[in-house]
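# Breakdown of the fold
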Amino acid sequence: MRNIGLLFTIAFLFFFLGQLLWTIGLIVENPLFGSVHIEDWLLNVLFTLSSIFGVIASIKLYNLK
């Protein structure tokens, strides 16, 4: 059960970082990393990792029950 909690925590952290960068990117006029493409890719990677860890944790929790 502890492993599942860790996976959900990692998923939450990736999602939180994605939301934080997205919000900062909306507030700031210029791209955060010098290029809009790099910023978009970074946001994509963060939200994708959040989804992957969330799905893995959900499957493990489902199989536990």
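Residues numbered from 1 in each chain as written. Predicted model: local features only at pLDDT ≥ 70, side-chain atom pairs only at ≥ 80, totals over all residues. Heavy atoms only, no water.

### Quick word on the packing of aromatic side chains
We count it as follows: Side-chain rings of Phe, Tyr and Trp, where Trp is taken by its six-membered ring, are said to pair if the distance between their centres is within 6.5 Å; with planes under 30 degrees apart they count as stacked, over 60 as edge-to-face, and otherwise as tilted. Going along the chain from the N terminus, every DSSP run of H or I of four or more residues is numbered as a helix, and every run of E of two or more is numbered as a strand. Residue burial is assigned from relative accessible area. The probe radius is 1.4 Å, only protein chains are included, and a residue is buried under 20% of its type maximum, exposed over 50%, and partly exposed in between.
Taken as a whole and assessed by the stated rule, the structure comprises 4 aromatic pairs. Consider the rings of Phe15 and Phe47, whose centres lie 5.4 Å apart with planes at 65 degrees: the pair is edge-to-face. Here Phe15 is found in helix α1 (residues 2–27), whereas its partner Phe47 is found in helix α2 (residues 36–64), with 32 residues between them in sequence. According to the relative accessible area criterion, Phe15 is partly exposed, its value standing at 40%. On the basis of an interplanar angle of 75 degrees and a centroid distance of 6.2 Å, the ring pair of Trp22 and Phe47 is categorised as edge-to-face. One end of the pair, Trp22, is in helix α1; the other, Phe47, is in helix α2, with 25 residues separating them in the sequence. One aromatic cluster is present, formed by Phe15, Trp22 and Phe47 through successive ring pairs.

### Concerning the packing of α1 against α2
How we decide: Comment: axis = line fitted to C-alpha atoms, over the contacting stretch for helices; angle = value between 0 and 180 degrees taken between N-to-C directions. Angle categories are assigned with fixed cut-offs, so that under 35 degrees is roughly parallel, over 145 is roughly antiparallel, 65 to 115 is roughly perpendicular, and the rest are oblique. Handedness of each helix crossing follows the sense of rotation of the near helix against the far helix: counterclockwise by less than a right angle gives left-handed, clockwise gives right-handed.
Here α1 crosses α2 at 155 degrees, and the two axes come no closer than 8 Å. Taken together, the axes of α1 and α2 lie roughly antiparallel to each other. Judged by the sense of rotation from one axis to the other, the crossing of α1 with α2 is left-handed.

### Here we look at the side chain of Ser50
Defined as follows: Any pair of residues with heavy atoms lying within 4.5 Å of one another is described as a contacting pair.
Mapped onto the secondary structure, Ser50 falls in helix α2. Using a relative accessible area of 11% as the deciding quantity, one classes Ser50 as buried. Among residues more than four places away in sequence, those in contact with Ser50 are Ala11, Phe14 and Phe15.

### Here's the deal with the environment of Ile4
By the element assignment, Ile4 lies in helix α1. When the C-alpha positions of Ile4 and Val36 are compared, they lie 35 Å apart, and in sequence the two are 32 residues distant.

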